[in-house]
Amino acid sequence: MHERSHVVIGAGPVGRAVALQLADQPDSFVVVIDRSHSALAVAQRLLGNLANVRFDVSLGPSALSVQARSLIMATSWRDSRVLVGKLLHQTHEAGLHTPIICVGRPSPGDLDILRVPPNGPPVVLGAGLEPGLVESLVSLVAAEIKDIESIVTHCGGIPRIPEPPLNYALAFGRRLPIEQRLAFARIDGQAVTRNRFESVSQLFVDGVGLLEAYDDAMVSSTAAGAHPSIPTLRQLTVRWPGFADGVRMLHRLGLLSDEEIEIGSARLQVKEVTEALLSRRNPNDDGDQVVLDIAIEDRQGRVGRWTCILRSELQERGISSMAIATAVPVAAAVECVTRQQLRGPIHPSKAALADVAAMALEQLRRSRIAVLAERATGLLETSTILGAGHAKTKDTTRGERTSKPGTADLPQGAGILSSGFAGSP
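Residues numbered from 1 in each chain as written. Predicted model: local features only at pLDDT ≥ 70, side-chain atom pairs only at ≥ 80, totals over all residues. Heavy atoms only, no water.

(A) View of the confidence of the model for the chain. Overall, the predicted model of the chain reaches an average pLDDT of 82, with 84% of residues at or above 70. In this model residues 391-425 is a low-confidence stretch, pLDDT under 50, and it forms 86 contacts with partners more than four residues away in sequence or in other chains. (pLDDT = per-residue confidence, 0-100. Contact = heavy atoms within 4.5 Å.)

(B) Quick peek at the packing of helix H10 (residues 321-340) against helix H11 (residues 354-366). Between H10 and H11, whose axes approach to 8 Å, the crossing angle comes to 130°. Between H10 and H11, the angle falls in the class oblique. Seen from above, H10 lies across H11 with right-handed handedness. Within the contact between the two elements, H10 uses Ile324, Val328, Pro329, Ala332, Ala333, Glu335, Cys336, Arg339 and Gln340 and H11 uses Asp355, Val356, Met359, Ala360, Gln363 and Leu364. (Axes fitted to C-alpha atoms, helices over the stretch in contact; angles between N-to-C directions. Helix = DSSP H or I, 4+ residues; strand = E, 2+ residues; numbered from the N terminus. Parallel < 35°, antiparallel > 145°, perpendicular 65-115°, else oblique. Left-handed = near helix turned anticlockwise from the far one by under 90°.)

(C) Quick peek at the sheet that holds strand S6 (residues 123-125). Read from one edge of the open sheet, seven strands run S3-S2-S1-S4-S5-S6-S17, paired in parallel fashion. In the strand order of this sheet, the two ends are held by strand S3 (53-56) and strand S17 (345-346), each with one partner. The pairing of strand S1 (residues 5-9) with strand S2 (residues 30-33) spans four bridges and is parallel. Looking across to S2, one finds that Val8 is bridged to Val32. This element, helix H2 (residues 37-47), spans S2 and S3 of the sheet and lies at about 165° to S3. (Pairing = 2+ DSSP bridges.)

(D) Seen up close, the pattern of salt bridges. Under the counting rule described, the total for this entry stands at 17 salt bridges. In this structure, Asp258 and Lys271 form a salt bridge, with 2.8 Å as the shortest nitrogen-oxygen distance. Remark: Lys271 occurs in helix H9 (residues 270-278) and Asp258 occurs in the loop between helix H8 (243-252) and strand S13 (260-263); sequence separation between them is 13 residues. Look at Lys271 and you get buried, because its relative accessible area is 18%. Between Glu335 and Arg339 there is a salt bridge, with its nearest N and O atoms 3.8 Å apart. One end of the pair is Glu335 and the other is Arg339, both in helix H10 and four residues apart, which spans about a single turn. Given the relative accessible area of 40%, Glu335 is considered partly exposed. On the accessibility criterion, Arg339 (46% relative accessible area) is partly exposed. A cluster of three or more residues bridged by salt bridges with shared partners is formed by Asp147, Glu149 and Arg299. (Salt bridge = Lys/Arg side-chain N within 4 Å of Asp/Glu carboxyl O. Buried < 20%, exposed > 50% of the residue type's maximum accessible area, 1.4 Å probe, protein only.)

Written out as structure tokens, the structure reads:
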């Protein structure tokens, strides 16, 4: 491994996108690690012509801790939590403060989080799209606009074209996001919990269409103490209409139970069989898109809204919109944590991470790996981060401001596309 390399653990879609983003930085070297030889083979095929990216099946925690410039866990929290504990011990014993950036969503009250030493190496507990970028954007808005009564965010990665039965394709992780769990929110100053997929509402997004939304994305650390002066704070996940009803029906039919059944010589949980039948590992030929929407209201009743649609220009190269929307804030988190020399556990809503959103949006607006369509209205129209102050071109046919392409280097043959935004399906 090159001295002081960024180490990306996980060679899946998000890990590959993170490696691509980090490799574009000056004097940056990246090592991608995965126990799966097939996953590494795919990563090498897509990124192998980048001279500053290397691939390996394993490196011991000691070698990782000493030689890494940063450690990025591009896997689910379930798959990375044990390794995070080992790396923390190694770096703490060696007197190092190597940043550990976790993409996955930690479980509420996870003991591994509680064991993170407060003055030890920095561990970002959620640094992707959500948790991560969304919480950072909320921190920016809260710092810039005073007397906010409510902030409600909508966020989700969805297929460009909905496809039954769930109108969803698996864009991140190994499991469909359909498990029953509690969702967190703050409403009128009170912390509330409700069942996931409860209280489904609708959201119309120009250039996309009508979507459904439900409380789902807020992590417990945000619900417990982030921005206490804001009475209402909610983070909703968006999907194509029919997703929540479909999941609720699966639960009522018992098709997502933990009960085991025999299939040949194997014993599998019913939910494992259901997920295997319903999962599509990749979006269809139309690809995927990421929708991010922030709506605010102040105590005088004035409102503001910012809506962003992100679409990958590298779909044909196996890098989805969701992967890019996750990878760019991860790279920004590495820079932010290193520059500020942060320590200990860092939850995504921490004010110190507010710069992540500013850096990530600037990267995306200059990037050739993705296209953004953004629109800001009301209180957010004059925001220095989200409003009209950016260098944007006017798309007069749709009334959208679309970010200009930059000059970032890409893998040879990346196939930059020139297609614009499709209208509502």
